[in-house]
Amino acid sequence: MTLVRVKRVWRCPHALCPKSTWTETSEVIAPRACLTQRARAEICRRVGEDGASVAATARDFGVGWATAMAGVRQHGAPRVDDPARLEGVDAVGLDETAFQAASATRSTSFVTGIVDLTRHRVGPARLLDVIDDRSASALVSWVDQRDPAWRAAITTAALDPYRGYASALRAALPHAVRVLDAFHVTRLGFAAVDDVRRRIQREQTGHRGRRDDPLYRIRRLLRRAHTHHSQRSWQRLLAGLDAGDTTDEQLAHTWIAAQDLRLIFSCPDRARAAQALYRWLAYCADADIPELTRLARTLDSGRAELLAYFDTGGISNGPTEAVNLLIKKIKRVRHGFRNFDNYRLRLLLYCGVDWNTVRATPIRGRLPRLAA
Ligand SMILES: [Zn+2]
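Residues numbered from 1 in each chain as written. Predicted model: local features only at pLDDT ≥ 70, side-chain atom pairs only at ≥ 80, totals over all residues. Heavy atoms only, no water.

Chemist: Run through the overall build of the protein chain, naming residues and quoting values.
Modeler: Helix and strand content of the protein chain: 16 helices and seven strands. Radius of gyration (C-alpha) of the protein chain: 28 Å, far over the 21 Å computed for a compact globule of 372 residues. Its C-alpha atoms give the protein chain principal-axis dimensions of about 105 × 60 × 50 Å. Per-residue burial for the protein chain yields a buried fraction of 42% across its 372 residues. In the protein chain, the proportion of contacts linking residues at least 24 apart, taken out of those at least 6 apart, comes to 61%. With an accessible surface of roughly 21,500 Å², the protein chain has 53% of that area assigned to carbon and sulfur atoms. A distance of 9 Å separates the average location of the 58 positive side-chain charges in the protein chain from that of its 40 negative side-chain charges. (Helix = DSSP H or I, 4+ residues; strand = E, 2+ residues; numbered from the N terminus. Rg over C-alpha atoms; globule rule 2.2 N^0.38 Å. Buried < 20%, exposed > 50% of the residue type's maximum accessible area, 1.4 Å probe, protein only. Contact = heavy atoms within 4.5 Å. Areas by Shrake-Rupley, 256 points an atom, 1.4 Å probe, with all protein chains shown as cover. Lys, Arg positive; Asp, Glu negative; His and termini not counted. Charge placed at Lys NZ, Arg CZ, Asp CG, Glu CD.)

Okay, here's the thing in structure tokens:
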């Protein structure tokens, strides 16, 4: 729809008038603007809530990219910077996400996402903020900018085992329980299995995995939980290990360790989990496999954070991972970002803001009773 507006120009009849002429103004459209405020707000909603690309929305409205983005900034910034958005949070999750891929002139840059893990909250996962770094100091300075009441209300923080976050949180939120989340710990276990498999493969064949190498063939089966095997996949796994594992069964031992590590999180209480973790660390020490020893050392130093999972009623970083997926979606729509401020604005508009848009009433339900 094209809106045609006729502006009236007024003229004063007095010859000595200093003003002489002036133009009619209106609240709904700024002087010299080609879009009404309502159209700018709608561009912001399409880009923010629907995750549409700015370029495509600009084409729909018949304006340039910069005009559309100005609308997104004008109507989006007040929503994103609204302090009420951060109210009522008692648990946060932290995770790093790649911001820009490496190129000839720069290495991959990372950002830290802070996600709302408040337990009584219902609804989709919510991004609280994005920090332009994954360093401890950036996180500390972000937390320091929040008001003391907000900091005091945070009782739990779930982190990925990247150690920088743990020390940063110890400094910034000393009273909050830090939790190493089950998802990341399990993933570290299976990453160790992968590392051992690659090393054995290189030692035996002198090259990276090829299609017919026995260990390369079972690389995905090795990452599967032991309860998720069928008769056939189990046979294939065992045959692959028989054909490719070392004589002292290093890969099989690492596989058992990864499965046991995963099972620690299904213990009914903290005491039994502590026992299981102790047994697991002893197992790793006995196995004497470099990759496993390194993993055991990491988890031993984060033992308190790992067991804190059981004090917090099994807090999950699931929402954090859900938000990560949404972040990737926005990055893909936009074909990558160069400007961090635009990146933060777009991410927070998409998964950090309640839009409360009034939805159109369905014309016809799912089961039309009055079919024409
Ligand atoms: Zn006049």
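Chemist: Lay out the environment of Gly62 with the relevant residues and their values.
Modeler: Mapped onto the secondary structure, Gly62 falls in the loop between α2 (54-61) and α3 (65-80). We classify Gly62 as exposed; its relative accessible area is 65%. Here the alpha-carbon distance between Gly62 and Leu35, two residues 27 residues apart in the chain, equals 9.7 Å.

Chemist: With reference to specific residues and values, describe the coordination of the zinc ion.
Modeler: In the first shell of the zinc ion, the protein supplies Cys12 (SG) and Cys17 (SG), at 2.3 to 2.4 Å from the metal. Owing to a relative accessible area of 16%, Cys12 belongs among the buried residues under this scheme. (Donors = N, O, S within 2.8 Å, 3.2 Å for Na, K, Ca; no water.)

Chemist: So what's going on with the pattern of salt bridges? Residues and values would help.
Modeler: With the rule as written, the count across this model stands at 25 salt bridges. Across the pair Arg8 and Glu24 runs a salt bridge, and its minimum N-O distance is 2.6 Å. Pair noted here: Arg8 is in the segment before β1 (9-11) and Glu24 is in the loop between β2 (21-23) and α1 (37-48), with a separation of 16 residues, a long-range link. Taking relative accessible area as the criterion, Glu24 reaches 21% and is therefore assigned partly exposed. Among the salt bridges present, the one from Arg359 reaches Glu49, with a minimum N-O distance of 2.7 Å. Remark: Glu49 occurs in the loop between α1 and α2 and Arg359 occurs in the segment after α16 (340-351); sequence separation between them is 310 residues. Accessibility expressed as a relative area gives 55% for Arg359, which makes it exposed. Accessibility expressed as a relative area gives 18% for Glu49, which makes it buried. The network of salt bridges with shared partners includes Glu42, Arg45, Arg46, Glu49, Asp50, Asp60 and Arg359. (Salt bridge = Lys/Arg side-chain N within 4 Å of Asp/Glu carboxyl O.)

Chemist: Let's hear about α3: which residues, and what values?
Modeler: Spanning 16 residues, α3 covers 21 Å between terminal C-alpha atoms, matching the ideal 22 Å at 1.5 Å per step. A maximum bend of about 25° is found in α3 at Gln74, where proline Pro78 lies one to four positions downstream. Considered for burial, the residues of α3 that qualify are Ala68, Met69, Gly71, Val72, Gly76 and Val80. On its buried side, α3 packs onto α1, α2 and α16. (Expected span 1.5 Å × (residues − 1). Bend = angle between axes of the 7 residues up to and from the residue.)

Chemist: Tell me about the side chain of Thr36, residues and numbers included.
Modeler: Following the sequence through the fold, Thr36 ends up in the loop between β2 and α1. Not counting residues up to four positions away in its chain, the partners in contact with Thr36 are Leu3, Val28 and Ile29.

Chemist: Tell me about the packing of α3 against α16, residues and numbers included.
Modeler: α16 packs onto α3 with a crossing angle of 60° between their chain directions and a minimal axis gap of 10 Å. As summarised for this structure, α3 and α16 are arranged oblique, according to the angle between their axes. The handedness of the crossing between α3 and α16 is left-handed. Facing Trp65, Met69, Val72, Arg73, Gly76, Ala77, Arg79 and Val80 of α3, the residues of α16 in contact are Asn342, Arg344, Leu345, Leu348 and Leu349. Of the residues assigned to the contact of α3 with α16, the class counts are eight nonpolar, two polar and three charged. (Axes fitted to C-alpha atoms, helices over the stretch in contact; angles between N-to-C directions. Parallel < 35°, antiparallel > 145°, perpendicular 65-115°, else oblique. Left-handed = near helix turned anticlockwise from the far one by under 90°. Nonpolar A, V, L, I, M, F, W, Y, C, P; charged D, E, K, R; others polar.)

Chemist: Tell me about the nonpolar core, residues and numbers included.
Modeler: If you look at the biggest cluster of nonpolar residues, it comprises 97 residues, and the most contacted ones within it are Leu139 and Trp280. The element contributing the most residues to this core is α16, with eight residues. Aside from chain neighbours lying at most four places away, what touches Leu139 is Leu94, Ile114, Ile131, Tyr165, Ala168 and Leu169. (Core = buried A, V, L, I, M, F, W, Y, C linked by side-chain atoms within 4.5 Å.)

Chemist: With reference to specific residues and values, describe unusual backbone geometry.
Modeler: The phi angle at Glu249 is positive, at roughly 55°, despite the residue not being glycine. Tracing the backbone shows Glu249 in the loop between α10 (231-244) and α11 (250-264). For Glu249, a relative accessible area of 44% translates into the label partly exposed.

Chemist: An account of the sheet that holds strand β3 (residues 91-100) is needed here, citing residue identities and associated values.
Modeler: Strand order in the open sheet formed by five strands is β5-β4-β3-β6-β7, with mixed pairing between adjacent strands. A strand with exactly one partner marks an edge of an open sheet, and here the two such strands are β5 (126-131) and β7 (177-180). Each adjacent strand pair in this sheet contributes to an overall mean axis angle of 30°, direction not counted. Where β3 and strand β6 (residues 156-159) come together, three bridges link them in parallel fashion. Residue pairing for β6: Val92 is matched across the bridge by Ala157. Contacts between α16 and the sheet are confined to β3, β4 (109-116) and β5, with β5 contributing the most and set at about 170° to the helix. (Pairing = 2+ DSSP bridges.)

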